[in-house]
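Chain residues, written in single-letter form:
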Amino acid sequence: VLRFVFFILTTTITGFLVAIAGAMPDIVVALVIFVLAHWVDRAQRGFFDGVRTGRIEVGWVDRDTAPPSRRLATIAVWIFALVMAYPYIPGSASPVFKGVSVFLGVMATFGSAGVVNHLVSGLVIVYSRSCKPGDVIRAGEIEGLVTVVGVLSTKIVTRKREEITVPNAVLVGTSITNYTRLAREHGAMISTTVTIGYDAPWRQVHELLIRAADRTPDIKKTPAPFVYQRSLSDFYVEYELRAHITDPAERLPILSALHAEIQDAFNEAGVQIMSPHFENQPDGKVWVPRSAWRGLPPEAS
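What this report covers is the structure whose coordinates are included nearby. If you're wondering where the values come from, they're calculated on a predicted model, not measured in any experiment. (Residues numbered from 1 in each chain as written. Predicted model: local features only at pLDDT ≥ 70, side-chain atom pairs only at ≥ 80, totals over all residues. Heavy atoms only, no water.)

**A look at the overall build of the protein chain**
When its secondary structure is counted, the protein chain shows seven helices and eight strands. Across the 301 residues in the protein chain, those meeting the buried criterion constitute 28%. Sequence separation of at least 24 residues holds for 60% of the intrachain contacts in the protein chain that already meet a minimum separation of 6. Approximately 19,200 Å² of the protein chain is accessible, and the part contributed by carbon and sulfur atoms is 64%. (Helix = DSSP H or I, 4+ residues; strand = E, 2+ residues; numbered from the N terminus. Buried < 20%, exposed > 50% of the residue type's maximum accessible area, 1.4 Å probe, protein only. Contact = heavy atoms within 4.5 Å. Areas by Shrake-Rupley, 256 points an atom, 1.4 Å probe, with all protein chains shown as cover.)

Here it is, written out as structure tokens:
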């Protein structure tokens, strides 16, 4: 019995060693392929890191797109290396190995349709430069600060301190307004409209709107605020005030303060704001004197 067991063990070990010896050339080739892939990956990482830090400047990639380009290049290098080394992996030609490969391929095909859609959409967002972390954007009904542009989704933090996760495919299908992209030189721009009756001189309206902007904190004096007359409607003139601000993330608080200053400026001058629409001209102007600004009767204020 001992001789039989010894014979079996010897035969098995000998066959195992012979198989290893026969597979050594293929193993060496596979190792060489993976080593070359490692050095190629290391070289491309150094290149894209140089672009990201500004040490290298090329026309087809910039600092914003360098990190995702590096990740894509890494994936491409190792997929190519795996495909090249696959025939040299011991056992790759066996039916079991082929069956497992086919099974995994079928699972990936049927289970990744939605994932691939979001993945490609994420690449569209990055390479179209529609937004990046740190930008203040508006996408549909969502407005806030972009914190993460991920592989499958983008995270936006609103003024209510709510973190909203938007799938990349949904974000690509929505128009995106970026308030930060062009705000680096003169700051972001805000605007608001008012409708004033024809009985108010337009020069006075311009002056009142500019005065309200000058009183509003965080509105830049340079470039100076300016006013457009958007339309001459049936009952009123539509004016649009535009001004620059430093921090796009503070758009809503600054707009709120600007609206309050506009109401104060027009009330001080006794000029009626015609918004919302009205059907009949009232007997007297609809405005609030300074003595009633806090909701108290004139004698109590």
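**Some remarks on the packing of aromatic side chains**
Aromatic ring pairs are defined here through the distance separating the ring centres and the angle between the ring planes. By the definition in use, this model includes three aromatic pairs. Pairing Phe 47 with Phe 48 gives two aromatic rings, centres 5.1 Å apart and planes at 70 degrees, and the pair type is edge-to-face. Look at Phe 226 and Tyr 228: their rings are 5.3 Å apart centre to centre, the planes differ by 75 degrees, and that puts the pair in the edge-to-face class. Accessibility expressed as a relative area gives 27% for Phe 226, which makes it partly exposed. A cation over an aromatic ring shows up here: Arg 251 above the ring of Tyr 179, its NZ or CZ 4.0 Å from the ring centre. (Phe/Tyr/Trp six-rings, centres within 6.5 Å; stacked < 30°, edge-to-face > 60°. Lys NZ or Arg CZ within 6 Å of the ring centre and 35° of its normal.)

**Things to note about unusual backbone geometry**
In the segment running from Thr 222 into Pro 223, the intervening peptide bond is cis, with an omega of -5 degrees. Within the secondary structure, Pro 223 sits in the loop between α6 (202-215) and β7 (226-232). Positive phi values are uncommon outside glycine, yet Arg 129 reaches one of about 60 degrees. If you check the backbone angles, Arg 161 has positive phi at about 60 degrees while not being a glycine.

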